Amino acid sequence: MSAKARAIFLRELRSWFTTPLFYVLCSAFLLLSAFFFFSLILQFNAVLQQSSIVPETTTSLNEWVILPLLETLEIVLVFLIPVVTMRLLAEERRTGTFELLKTSPLSASEIVAGKYFALLVVLAVTVLLSAVFPASLVIFSDPEVAPILVGYAGLLLFAAAFGAIGLFVSSLCSNQTISGVLSLVVFLVLYLIDTPAEKIGGTFGRMVRYLTPASHTESFVRGVLQGDDIFYFISLIFVGVFLAARALEFERLR
Amino acid sequence: MIEALKLSRVFPGGTGSQDIAAASDVSFSIGKGAIVGMLGPNGAGKSTTIRMLVTSLLPSSGTARIADFDILKNAREVRERLGYLPDQPPLYNEMRVREYLSFVARVKGVHSRELRTAVDRVLDQCDLVTVAGRLCGNLSRGFRQRVGLAQALVHRPPVIILDEPTSGLDPLQIVEMRKLIGSLRGEHTVLISTHILQEVTQLCSHVVMLARGKVVLSGSLDEVTREKSIETRFIEALDHVG
């Protein structure tokens, strides 16, 4: 990262950690994670009590608690990330500070890189804080650790990819609300199109399904690392960041 | 130092309306070290012209040269040599004044070794030492404007462009701001956009008058006011364009 991009990164990070928004979002994410985690634990307990054949505990904990928890957190992120990304560039336009960036000797890539890396830190901190719940299972019980680690790596990649798309949407909007709503719509379409695509079937269905993130997180939450899925998320990140940089460059040329 | 060459900017007028020419063939030249006032009523095209000069808005036609660099071909070089204060100072409210100026210095390319000296210099120059530790969001309008000027000066640019720098200030703040701008004479080439005639007579050596997007009068203040007062020349110029 260049010195100028680093300056943007540090300023953005400082802005996140000194304003209440980050703490509100983080608390909300943790609260929801806690709610889902304890609900799943209660559900698992009920299954254990009802079942005449006690399932093999290690596998069941992963299957009954970790896997659905990761799937649910993915959906929570679909709603949370637009709130994080909507202010990235739209806020700068609203307050007039974008004019400062625009007229400084900064390239669009430096602005986008600084902002995106700060966003990554914010999302990573938020996601990783929720790992306290699976970690408690590791301490007090005996689930398989590797699938938890792979699942969290998938969740981080998922957040990073949606963050990049959110950044691109924010680069197109001067209004935070519009940016947030538009990102949410894009995320929901991307996330939900998986099921109809599966039903359509055929080459077209398979093609659409390949483009949806949900089909690529399946293996992660099941604890399986696949190069194809990693490649998909990294491509999505590059596309989002690249388009955001191009959008800023285009704005300078208008 | 600043040379506008037939700068024009047309904005689309919307459905069924004619396009709006916010600036038409604006040409003028400003020598090194001068303080030049860009005068004109509201809607004369001052801000549009300034936004084109600072590379924030692309001209529909024409170009300009800032410190010998073309705004279209060498935009990055122009930005390196330019300090700009928009009509609303571009401050990050959650940052403290010193932090903010350090950030601006970094993005303007000041080397990390010289950062502290550069920030201390502008804090002192703009009389901001007492508020250096305060949050930008808690500053009065006068201090916000001064911080805005400090960010434009922090990388010692040869050219400074100020868009209505005294607008919204109280009389005392206006006097202080004008004193501050006056102190830049000689070291920097300064272009100020204003609609206050008194500001031009107090601060500027040259004047460029705009009306309806066109230059209606330009020259040294002495030439312009030799026979008639600036008020009379201004009204005559406005009458001339209808």
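Here the structure is a predicted model, which is why all the values come from computation and not from measurement. Along each chain, numbering runs from 1 in the same order as the chain's sequence is written. All chains are assigned letters beginning at A, and all ligands numbers beginning at 1, according to the order in which they are written. In keeping with the predicted nature of the model, local features appear solely for residues at pLDDT of at least 70, side-chain atom pairs appear and are counted solely at 80 or more, and the whole-chain, interface and lining totals rest on all residues. Note: side-chain values were computed over all heavy atoms of the structure, leaving out hydrogens and water.

Considering the overall build of chain A
Then comes step 1: A helix here means a DSSP run of H or I that spans at least four residues, while a strand means a run of E at least two residues long, and both kinds are numbered starting from the N terminus. Of the regular secondary structure elements, chain A holds 13 helices and 0 strands.
Then comes step 2: When the helices and strands of chain A are read in sequence order from the N terminus, they spell out α-α-α-α-α-α-α-α-α-α-α-α-α.
Then comes step 3: The quantity called the radius of gyration is restricted to C-alpha atoms. Its globule counterpart is 2.2 Å times the number of residues to the power 0.38. At 20 Å, chain A has a C-alpha radius of gyration in line with the 18 Å of a compact globule built from 254 residues.
Then comes step 4: Dimensions of chain A along its principal axes, counting C-alpha atoms only, are 70 × 45 × 30 Å.
Then comes step 5: Summary of the burial criterion: residues with accessible area below 20% of their type's maximum are buried, those above 50% are exposed, and those between are partly exposed, where the area comes from a 1.4 Å probe applied to protein chains only. When the 254 residues of chain A are sorted by exposure, 50% land in the buried category.
Then comes step 6: Residue pairs in contact within chain A that sit at least 24 positions apart in sequence constitute 78% of those at least 6 positions apart. In this analysis, two residues are considered to be in contact whenever any of their non-hydrogen atoms come within 4.5 Å of each other.

Thoughts on the sheet that holds strand β1 (residues 2-11) of chain B
Residue and element names in this part refer to chain B.
Then comes step 1: The antiparallel open sheet is built from 4 strands, whose spatial order is β2-β1-β4-β5. One side of each edge strand has no neighbouring strand; the edge strands of this open sheet are β2 (20-30) and β5 (69-70).
Then comes step 2: Where β1 lies against strand β4 (residues 61-66), 5 bridges are found, and the strand directions are antiparallel. When the bridges of β4 are listed, E3 appears paired with R65.
Then comes step 3: Sheet strands in contact with helix α1 (residues 46-53) are β1, β2 and β4, and its direction is about 115 degrees off that of β1. Paired strands, as defined in this entry, are two strands with at least two bridges between them according to DSSP. Lines fitted to the C-alpha atoms define the axes, with helices restricted to the stretch that makes contact. Angles between their N-to-C directions range from 0 to 180 degrees.

Observations regarding the nonpolar core
Then comes step 1: Counting residues in hydrophobic clusters, the biggest one holds 117 residues, and the most contacted among them are A:L77, B:Y100, B:L101 and B:F103.
Then comes step 2: In terms of residues, this core owes the most to one element, helix α8 (residues 145-172) of chain A, which gives 13 residues.
Then comes step 3: Ignoring sequence-local partners within four residues, the contact set of B:L101 consists of B:V119, B:V122, B:L123, B:V147, B:A150, B:Q151 and B:V154.
Then comes step 4: Put simply, buried Ala, Val, Leu, Ile, Met, Phe, Trp, Tyr and Cys residues joined by side-chain atoms within 4.5 Å make one nonpolar core. Counting 28 residues, the second-largest nonpolar core is a separate cluster that includes B:L53, B:A64, B:I71 and B:Y84.

Comments concerning the confidence of the model for chain B
Caution applies to low-pLDDT regions: their predicted coordinates should not be interpreted in detail.
Then comes step 1: On a range of 0 to 100, pLDDT expresses the predictor's confidence in each residue. Confidence along chain B averages 88 in pLDDT terms, with 98% of residues attaining 70 or more.
Then comes step 2: Ranking the elements of chain B by mean pLDDT puts helix α9 (residues 230-241) of chain B last, at 76, and helix α3 (residues 97-107) of chain B first, at 95.

Overview of empty space enclosed by the protein
All names here are of chain A.
Then comes step 1: In this analysis, the protein atoms alone were mapped onto a 1 Å grid. Cavities are point sets where a 1.4 Å probe fits without being able to get out; pockets are open sets with protein on both sides within 12 Å along at least five of seven lines; lining residues have an atom within 4 Å of a point. Grid points are joined across faces, edges and corners, and a volume is the space filled by probe spheres set on the points. The final tally for this structure, using the stated rule, is 1 cavity of 30 Å³ or more.
Then comes step 2: When its volume is computed, the largest cavity comes out at roughly 30 Å³.
Then comes step 3: Counting residues per element, the ones that place at least two in the lining of the largest cavity are α5 (97-102), α6 (108-129) and α13 (227-252).
Then comes step 4: Top element by residues in the lining of the largest cavity is α13. It accounts for 3 residues.
Then comes step 5: Residues are grouped as follows: Ala, Val, Leu, Ile, Met, Phe, Trp, Tyr, Cys and Pro are nonpolar; Asp, Glu, Lys and Arg are charged; every other residue, Gly included, is polar. A class-by-class count of the residues in the lining of the largest cavity yields 4 nonpolar, no polar and 3 charged.

Here's the deal with unusual backbone geometry
Residues and elements named next belong to chain B.
Then comes step 1: Positioned with a positive phi, T55 is a non-glycine residue whose angle comes to about 65 degrees.
Then comes step 2: Among the structural elements, T55 can be located in the loop between α1 and β4.
Then comes step 3: The exposure class of T55 is buried, given its relative accessible area of 7%.
Then comes step 4: Here D127, not a glycine, exhibits a phi torsion of approximately 55 degrees, which is positive.
Then comes step 5: Positionally, D127 belongs in the loop between α4 (115-125) and α5 (141-153).

Points about the pairing of strand β9 (residues 206-211) of chain B
All names here are of chain B.
Then comes step 1: Counting buried residues in β9 gives 5 out of 6 residues, a clear majority hidden from the surface.
Then comes step 2: Inspection of the sheet shows strand β3 (residues 35-39) paired to β9 by 4 bridges, in the parallel sense. Paired with L39 across the bridge in β9 is M209.
Then comes step 3: In this sheet, strand β10 (residues 214-220) lies alongside β9 in antiparallel orientation, the contact comprising 6 bridges.

Overview of helix α1 (residues 3-18) of chain A
Then comes step 1: Helix span, as expected, comes to 1.5 Å for every residue beyond the first. Under the 1.5 Å per step criterion, the end-to-end length of α1(A) is 22 Å for 16 residues, consistent within 8% with the ideal 22 Å.
Then comes step 2: Those residues of α1(A) that sit buried are A:K4, A:A5, A:A7, A:I8, A:F9, A:R11, A:E12, A:L13, A:S15 and A:W16.

Describing the interface of chain A and chain B
Then comes step 1: With 24 residues of chain A at the contact, the number on the chain B side is 26 residues.
Then comes step 2: Buried area is understood as the total, over both parts, of accessible area removed when two parts are fitted together, assessed with a 1.4 Å probe. Carbon and sulfur atoms make up 57% of the surface buried where chain A meets chain B, a total of about 2,300 Å² over both sides.
Then comes step 3: We define a salt bridge as a side-chain nitrogen of Lys or Arg found within 4 Å of a carboxyl oxygen belonging to Asp or Glu. Inspection of the region where chain A meets chain B yields 4 salt bridges.
Then comes step 4: Identification of polar contacts relies on pairs of N or O atoms within 3.5 Å, with a donor-acceptor requirement for protein atoms, meaning one able to donate a hydrogen and the other able to accept it, and with residues adjacent in sequence counted only if both atoms are side-chain atoms. The interface formed by chain A and chain B includes 10 residue pairs in polar contact (both at pLDDT 80 or more).
Then comes step 5: The set of elements that each furnish at least two residues to the side of chain A that touches chain B consists of α1 and α5 of chain A.
Then comes step 6: If you tally residues by element for the side of chain A that touches chain B, the top one is α1(A), at 7 residues.

Structural notes on the side chain of A:T97
Then comes step 1: Of note, A:T97 is situated in helix α5.
Then comes step 2: The buried category is assigned to A:T97, whose relative accessible area is 1%.
Then comes step 3: Apart from the residues lying within four places of it in its own chain, the contact partners of A:T97 are A:E92, B:P90, B:L91 and B:Y92.

Overview of the sheet that holds β10(B)
Residue and element names in this part refer to chain B.
Then comes step 1: Strand order in the open sheet made by the 6 strands is β6-β7-β8-β3-β9-β10, with mixed pairing throughout. Every other strand in the sheet has two partners, leaving β6 (82-85) and β10 as the edge strands with one partner each. Strand after strand, the sheet turns through a mean of 15 degrees between neighbouring axes, direction not considered.
Then comes step 2: Here strand β7 (residues 159-163) pairs with strand β8 (residues 189-194) via 5 bridges, running parallel. Within the sheet, the bridge partner assigned to L162 lies in β8 and is I192.
Then comes step 3: Where α1 meets the sheet, its contacts fall on β3, β6, β7, β8 and β9, and the angle it forms with β7 comes to roughly 150 degrees.
Then comes step 4: Contacting β6 and β7, α5 crosses the sheet at an angle of about 165 degrees to β6.

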